[in-house]
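Structural overview
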Amino acid sequence: MAENKFDIIVYGATSFVGQIITRYMHEQFADGSIVWAIAGRSRSKLQQLSDTIGLSGVELIVADAADENALVQMCARTKVVMSTVGPYALYGDLLVKLCATTGTHYCDLTGEPQWIRKMQSRHAADAKASGARIVHCCGFDSIPSDLGVHFLQRHALERFGQPCDRINMRVVSIKGGASGGTIASMINMVKEAVGDADLRRELKDPYSLCPPGHGFSITQPDVKIAYDDVYGGWVAPFVMAGINTRVVHRSNALSNKRYGAAFQYEEAVVTGQGAKGKRMARTATWGVNALMVGLAVPPVRWLLETMVLPKPGEGPSEQAQLEGGFDLVFLGSTAKGDTIGCRVTGDRDPGYGSTAKMLSQAAACLAKDVPAEVAGGFWTPATIMGDRLIERLQAHAGLTFELLP
């Protein structure tokens, strides 16, 4: 590792989110504190991006996601590979395999639980042997959820001497658009699940990302349209809960059940009070359900892909990214009945403006802040970076973590 030239290589730099990341890296690390490069399959596109942003001294590396030799050479030159090349289930396997075998640290933006589980089962032993630290889900899914729970549990332990045995996360507000890359990942996951009964069962398992022998058996909450007496408003299922909850439970398992063997966690969107809030909860739920059903039916999926949904390379405008944001509230209670809450906010649209900053700081944290003695393997943001990453996110990424009064 000491001989590697770069701290971080941004792989997939010309993708929609990759371009946002490259601009942020250029602004954030102009002082030379991080030595970095950009990589992708097209030199001409990399050069165009470099010229547009005005990069100076940032090397361009050509490596196709299917070119093993090029990827091996890329891994040999860096401490950390930060990948934006999705859908990861289609394009991400080889890079994770090579990082795991060569001892190269890795982080990405995937929200594809079926692919993460596959990577864990195939490459965990190699990562442990080589010392490679693999960290999936370093964007809006699932850093705010994973670190929000970590933050609240740390304060619960300090204040009450025991963790919360239940935490409810509520999306108070969220503003931002989806990109074609995110939609493509969702479509691919639905395609896989339609023809695979085992996968459908796996996607219903809240502990599917926990390591073998985790020992968790308590039933997790099934969020439906309901009035939340604690928060004081109507709530509906949150579309990102499927990945976020699994990452949180994996963090609990990897930390020797620090949150407790009977820990329960749920996520929901607050839609408001009164009859209007109830109507909005129903509308939001029906809309998501209709989309998932539509994606499962080939003719309808074709129409949605062709006529309605954004395509890969498309996403919210720069102005929309700047005007976006998110506000999440975590409400926890202990077995003794003590209560505690915290808020996590972001100052850009969650999927792109904020995600770009979160992934960049996660990569920097992996490259600079994680102690050398930390073992290789498949980690979560909370278990390998925890408070170190929270400090970076608050100082440099526009996120806040604060206890509620």
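Just so you know, these numbers come straight off a predicted model, no measurement behind them. (Residues numbered from 1 in each chain as written. Predicted model: local features only at pLDDT ≥ 70, side-chain atom pairs only at ≥ 80, totals over all residues. Heavy atoms only, no water.)

Glancing now at the sheet that holds strand E10 (residues 264-272). As summarised here, the arrangement of the 7 strands in space is E8-E9-E10-E7-E11-E12-E14, forming an open sheet in which the pairing is mixed. Looking along the sheet, the strands with just one partner apiece sit at the ends: strand E8 (226-228) and strand E14 (400-403). Strand-to-strand, the axes of this sheet are offset by a mean angle of 35 degrees, without reference to chain direction. Where strand E11 (residues 325-333) and strand E12 (residues 339-346) come together, 8 bridges link them in antiparallel fashion. Pairing of Phe326 across the sheet is with Gly346, part of E12. Against the sheet, helix H7 (residues 143-160) makes contact with strand E7 (166-175), E10, E11, E12 and E14, and its axis sits at roughly 145 degrees relative to E12, the strand it touches most. (Pairing = 2+ DSSP bridges. Helix = DSSP H or I, 4+ residues; strand = E, 2+ residues; numbered from the N terminus. Axes fitted to C-alpha atoms, helices over the stretch in contact; angles between N-to-C directions. Contact = heavy atoms within 4.5 Å.)

Our next topic: the pairing of E10. One face of the sheet, then the other: side chains in a regular strand alternate in exactly this way. For E10, the buried fraction is high: 7 of the 9 residues fall into the buried class. Relative to E10, E7 runs parallel, the two being bridged by 6 bridges. Bridging across to E10, Met169 finds its partner in Glu267. Pairing between strand E9 (residues 233-237) and E10: 4 bridges, direction antiparallel. In the sheet register, Trp234 faces E10, and the bridge partner there is Gly272. (Buried < 20%, exposed > 50% of the residue type's maximum accessible area, 1.4 Å probe, protein only.)

Before going further, it helps to examine the packing of helix H1 (residues 16-28) against helix H14 (residues 350-368). Look at H1 against H14: their axes get within 9 Å of each other, and the N-to-C directions meet at 60 degrees. Accordingly, the angle class assigned to the pair H1 and H14 is oblique. Where H1 crosses over H14, the handedness of that crossing is right-handed. For the pair H1 and H14, contact is made by Phe16, Val17, Ile20, Ile21, Tyr24, Met25 and Gln28 and by Tyr352, Thr355, Ala356, Lys357, Leu359, Ser360 and Gln361, respectively. (Parallel < 35°, antiparallel > 145°, perpendicular 65-115°, else oblique. Left-handed = near helix turned anticlockwise from the far one by under 90°.)

Taken in spatial order, the 7 strands of this open sheet run E3-E2-E1-E4-E5-E6-E13, and their pairing is parallel. Bordering the open sheet on either side are strand E3 (59-62) and strand E13 (377-379), each of which pairs with just one other strand. Adjacent strand axes in the sheet meet at a mean angle of 20 degrees, parallel and antiparallel pairs treated alike. Taken together, the 2 bridges between strand E5 (residues 105-108) and strand E6 (residues 133-135) define a ladder with parallel strand orientation. Bridge pairing in E6 links Tyr106 to Ile134. Packing against the sheet, helix H3 (residues 68-75) makes contact with strand E1 (6-11), strand E2 (36-40), E3 and strand E4 (78-83), and its axis sits at approximately 125 degrees to E4. Relative to E13, helix H6 (residues 113-130) is tilted by about 135 degrees, and along the sheet it contacts E5, E6 and E13.

Relative to the assigned elements, Ser121 resides in helix H6. Counting along the chain gives 52 residues from Ser121 to Ser173, while the straight-line C-alpha distance between them is 36 Å.

A separate point is the nonpolar core. Residues Ile8, Trp36, Ile38, Met74, Phe330 and Met385 are the most contacted members of the largest nonpolar core, which totals 101 residues. Among the elements that line this core, the one with the most residues is H14, at 10 residues. Apart from residues lying up to four places away in sequence, Ile8 is in contact with Met25, Ile34, Val35, Trp36, Ala37, Thr78, Val80, Met82, Ala363, Ala364 and Ala367. (Core = buried A, V, L, I, M, F, W, Y, C linked by side-chain atoms within 4.5 Å.)

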